[in-house]
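Each chain, written out:
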Amino acid sequence: MKRACLAVSMTLATSAVASEFRLSWPVDCQLGQDCHIQQYVDHDPSSGVQDFMCSGLSYDGHKGTDVALPTLAALEPGVAVLAAADGIVRGIRDGMVDQLYTKDTAETVEGRECGNGVVMDHGDGWVTQYCHLKQGSVRVRKGQRLTAGHPIGDVGLSGQTQFPHLHLSVRKDKKVIDPFRPDPETNCGSDQADLWDSAIAYQPGGLITAGFSTAIPTLASIRGGHADEAPLEVDAAALVFWASAYGSQIGDVLTLHIQGPDTVLLDNAITLTKAQAQLFRAGGKKRRTETWPAGDYVGTAHLVRDGNVISTQIRSMTIAAP
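On a predicted model such as this, the values are computed, not experimentally measured, just so you know.

A. Seen up close, the pairing of strand S6 (residues 116-123). Of all 8 residues that make up S6, 6 are buried, and the element is covered over most of its length. Where strand S5 (residues 87-93) and S6 come together, 5 bridges link them in antiparallel fashion. Opposite Val89, over in S6, you have Met120 as the bridge partner. Bridge count between S6 and strand S7 (residues 126-133): 6 bridges; the pairing is antiparallel. Among the inter-strand pairings, Val118 is bridged to a residue of S7, identified as Tyr130. Adjacent in sequence and paired antiparallel, S6 and S7 are bridged by 2 residues, among which Asp124 carries a positive phi angle near 55°.

B. Up close: unusual backbone geometry. If you check the backbone angles, Asp173 has positive phi at about 55° while not being a glycine. Position of Asp173 relative to the elements: it lies in the loop between strand S10 (165-172) and strand S11 (175-177). Despite not being glycine, Lys174 shows a phi value in the positive range, around 70°. Examined against the element boundaries, Lys174 turns out to sit in the loop between S10 and S11.

C. Quick look at the sheet that holds strand S13 (residues 238-248). Pairing is antiparallel in the open sheet, where 3 strands are placed in the order S12-S13-S16. Each having just a single partner strand, strand S12 (206-213) and strand S16 (276-286) make up the two edges of the open sheet. Here the strands of the sheet are splayed against their neighbours by 15° on average, with no regard to which way each runs. Inspection of the sheet shows S12 paired to S13 by 7 bridges, in the antiparallel sense.

D. The arrangement of the side chain of Ser24 in detail. Tracing the chain through its elements places Ser24 in the loop between strand S1 (11-12) and strand S2 (36-39). You can call Ser24 buried: its relative accessible area is 14%.

E. Region of the structure containing the side chain of Ser311. Turning to its location among the elements, Ser311 is positioned in strand S18 (residues 308-319). At 2.9 Å, the side chain of Ser311 forms a polar contact with the backbone nitrogen of Leu207. If we ignore the near neighbours within four places in the chain, the residues touching Ser311 are Gln203, Gly206, Leu207, Ala301, His302 and Leu303.

F. Region of the structure containing the packing of aromatic side chains. Per the stated rule, a full pass over the model turns up 9 aromatic pairs. Ring centres of Tyr40 and Phe180 lie 5.1 Å apart, and the angle between their planes is 85°; on these two criteria the pair is classed as edge-to-face. Note that Tyr40 is positioned in the loop between S2 and strand S3 (65-68) and Phe180 in the loop between S11 and S12, a separation of 140 residues in sequence. You'll find Tyr40 and Phe180 in the same group, each marked buried. Look at Phe212 and Phe241: their rings are 5.2 Å apart centre to centre, the planes differ by 45°, and that puts the pair in the tilted class. With a gap of 29 residues between them, Phe212 in strand S12 and Phe241 in strand S13 connect regions that are remote in the sequence. This pair shows no difference in class: Phe212 is buried, exactly as Phe241 is. Put simply, the rings of Trp25, Tyr40, Phe52, Phe180, Trp196 and Tyr202 pair up and form one aromatic cluster.

Cut-offs applied
- Residues numbered from 1 in each chain as written.
- Predicted model: local features only at pLDDT ≥ 70, side-chain atom pairs only at ≥ 80, totals over all residues.
- Heavy atoms only, no water.
- Buried < 20%, exposed > 50% of the residue type's maximum accessible area, 1.4 Å probe, protein only.
- Helix = DSSP H or I, 4+ residues; strand = E, 2+ residues; numbered from the N terminus.
- Pairing = 2+ DSSP bridges.
- Axes fitted to C-alpha atoms, helices over the stretch in contact; angles between N-to-C directions.
- Polar contact = N/O pair within 3.5 Å; in protein donor to acceptor, adjacent residues only side chain to side chain.
- Contact = heavy atoms within 4.5 Å.
- Phe/Tyr/Trp six-rings, centres within 6.5 Å; stacked < 30°, edge-to-face > 60°.

As structure tokens, this is what we get:
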């Protein structure tokens, strides 16, 4: 999200900031299990991209931390956005529809790229902003005093976004602060104090989800969370295992493996040729016998970078005897 603001756009801070201000995790999800950080603040002032760890998990001009849900279906039960620190609500917006941002919807969000959102004032120049909340979910009022962890709304798909997430912006004296690297004059990747009240491990990309299907799924069905809903019958024409990923880099390897009841059905290693914010790959086998062997099937996906496995997804399913 390039302009995720209810107020004016800010620039990245150029001096050290006080460390007394602390942030708690702003989404009611378990990082690495049912949510992930899709993008960090961009520290490169040029047209290039650099996150706080010298890697590229961001995009040009990105001014916040994006906490993403794995699929659109994950929005349905409601995933709470939480106040990251004690403070007072200074601004709210609600009523914008949840929709994927496209060229056809661009005019409807112009000037309101943040979508539904909340702005909080924490005193001493500190402000946090919460963007892309679900329509109708904002449950705080302007002037309300909140404590850290208080629910303020739900993760949504409003404003300028193409995937369900919370965009969290942090500012000090109207300048953007990266909560993972609050002093931009320190070197990226170096040991440095952050603003989080609990340690948050850096994940430089990874697997989002995986599943079995009877054919190669569409990207829309994977993002929607419906790619593995079709039952796998004993006479299915094919057996496919797929995995979706985020933050890929050139040279990453995505491996897909299916272990059947008595044999390996798939063992692919796919070298990724470009960096992508999100992607998926699939592989499988056509049925050559009258039926698939009854029993347990296990699919395993690994994302490998520089020879090291950085993320794993494992799925299992059972084909019953006819």
